[in-house]
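# Examination of the molecular architecture
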Amino acid sequence: MWPLQSSTDLPLNSDKVLPEHFHFSHRRMVEFADTDLAGLMHFSNFLRFVECAEHAFFRSLGIRVHTSEGAAHQGWPRLEVSCKYLRPARFEQTLEICLRIEEIRTSSLRYGFWIFAADESDRSPLATGSCSIIHVALDTKAREIRKAPIPPKLRQHLESAVASPRTRSHRFATKSSTSSSCHSERSEESTSICASRP
């Protein structure tokens, strides 16, 4: 088990503590299709935005979340997800999804997430939660799926990202952007506003 790093014990109106820094941040705008009739983002889309941030984090490490070679595939299905909704997200609001790796095990990892409104100065979260994912090997010909150890190269990248005092950032989908897809590679690597907290 990889050791948990410390965080600032800052009280919030949630069950999760606000860390001193995050390991990755990702920005995405709330599109019309993400909202309900009240113009608020549907609760299920919070988790979709988190998954987009997770995929962007893997890409920033030079890793894809799904790989295949013939009938052999590797992927990262969910083990457990929790989310506490604190405030609504609205149409055309740019959200910043900040991730922090909380545990790295042999075949799985767990990360916490904090979702902020990117244009708010107080930076109180709209939602917080955690997600556990597991690395698996799939044989599509034999129709078998089994857990598999995290590849050494990926483990090294994950541990390096966790050890870094700077937050990696993958930003797009502002109002001037032409694409808001979580698979877009139109991005920039920089220190994020999520890097530290007062």
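Residues numbered from 1 in each chain as written. Predicted model: local features only at pLDDT ≥ 70, side-chain atom pairs only at ≥ 80, totals over all residues. Heavy atoms only, no water.

### Some points on the overall build of the protein
- Along the backbone of the protein there are two helices and 10 strands.
- Secondary structure elements in the protein, listed N-terminal to C-terminal, are β-α-β-β-β-β-β-β-β-β-α-β.
- Burial statistics for the protein: of 198 residues in total, 46% are counted as buried.
- Restricting the contact set of the protein to residue pairs at least 6 apart, pairs at least 24 apart contribute 68%. (Helix = DSSP H or I, 4+ residues; strand = E, 2+ residues; numbered from the N terminus. Buried < 20%, exposed > 50% of the residue type's maximum accessible area, 1.4 Å probe, protein only. Contact = heavy atoms within 4.5 Å.)

### Focus: the side chain of E103
- Examined against the element boundaries, E103 turns out to sit in strand β5 (residues 94–104).
- Since its relative accessible area comes to 15%, E103 is described here as buried.
- Only 3.4 Å separates the side chain of E103 from the side chain of R105, close enough to count as a polar contact. (Polar contact = N/O pair within 3.5 Å; in protein donor to acceptor, adjacent residues only side chain to side chain.)

### A short note on helix α1 (residues 43–60)
- In a regular helix each residue adds 1.5 Å, so 18 residues correspond to 26 Å; α1 covers 27 Å between its end C-alpha atoms and thus fits that length.
- All buried positions along α1 are accounted for by N45, F46, F49, V50, C52, A53, E54, H55, A56, F57, F58 and S60.
- Just past α1, the residue G62 takes up positive phi, approximately 80°. (Expected span 1.5 Å × (residues − 1).)

### What to know about the sheet that holds strand β2 (residues 67–69)
- Overall, antiparallel pairing links the four strands, which are arranged β2-β3-β8-β9 in an open sheet. Each of the sheet's edge strands pairs with one partner strand only, and the pair in question is β2 and β9 (144–147). The average angle at which neighbouring strand axes cross in this sheet is 20°, direction not considered.
- When strand β3 (residues 72–75) meets strand β8 (residues 136–139), the two strands line up antiparallel, connected through four bridges. Its bridge partner lying in β8, H73 is registered against L138. (Pairing = 2+ DSSP bridges. Axes fitted to C-alpha atoms, helices over the stretch in contact; angles between N-to-C directions.)

### Comments concerning helix α2 (residues 152–163)
- With 12 residues, α2 extends 16 Å from end C-alpha to end C-alpha; this agrees with the ideal 16 Å at 1.5 Å per step.
- For α2, every residue scored as buried is listed here: L154, L158, A161 and V162. Down the axis of α2, the smallest arc covering the buried residues is 100°, so these residues share one side. Relative to its buried face, α2 has exposed residues pointing more than 90 degrees away, namely P152, K153, Q156 and A163.
- At its buried positions, α2 is contacted by α1, β5 and β6 (108–117). (Arc of directions from axis to C-beta.)

### Some thoughts on the packing of aromatic side chains
- Under the criterion given, the structure shown has eight aromatic pairs.
- Residues F24 and F57 carry aromatic rings whose centres are separated by 5.3 Å and whose planes lie at 45° to one another, so their mutual orientation is tilted. With F24 in strand β1 (residues 24–29) and F57 in helix α1, this residue pair connects regions lying 33 residues apart in the sequence. Exposure class is identical for F24 and F57. Each is buried.
- Cation over ring: R28 sits above F49, and NZ or CZ is 4.9 Å from the ring centre. (Phe/Tyr/Trp six-rings, centres within 6.5 Å; stacked < 30°, edge-to-face > 60°. Lys NZ or Arg CZ within 6 Å of the ring centre and 35° of its normal.)

### Re a nonpolar patch on the surface
- On the surface, a cluster of nonpolar side chains totalling about 350 Å² of accessible area is made up of F43, L47, V81 and Y85.
- By the secondary structure assignment, V81 is in strand β4 (residues 78–85). (Patch = residues over 30% accessible without salt bridge, like charges linked within 9 Å, V, L, I, M, F, W, Y side chains within 5 Å. Areas by Shrake-Rupley, 256 points an atom, 1.4 Å probe, with all protein chains shown as cover. Salt bridge = Lys/Arg side-chain N within 4 Å of Asp/Glu carboxyl O.)

### A closer look at the pattern of salt bridges
- Taken as a whole, this structure holds nine salt bridges when the rule is applied.
- The salt bridge partner of R27 is E96, with a shortest N-O separation of 3.3 Å. A residue pair is termed long-range when its members are at least 10 positions apart, and R27 in strand β1 and E96 in strand β5 qualify at 69 residues. Across the pair, E96 and R27 agree in class, each one buried.
- Residue R78 pairs with E54 through a salt bridge whose shortest N-O separation is 2.6 Å. Residue R78 is found in strand β4, and its partner E54 is found in helix α1; the two are separated by 24 residues along the sequence.
- Linked by salt bridges that have partners in common, E102, E103, R105 and R110 make up one network.

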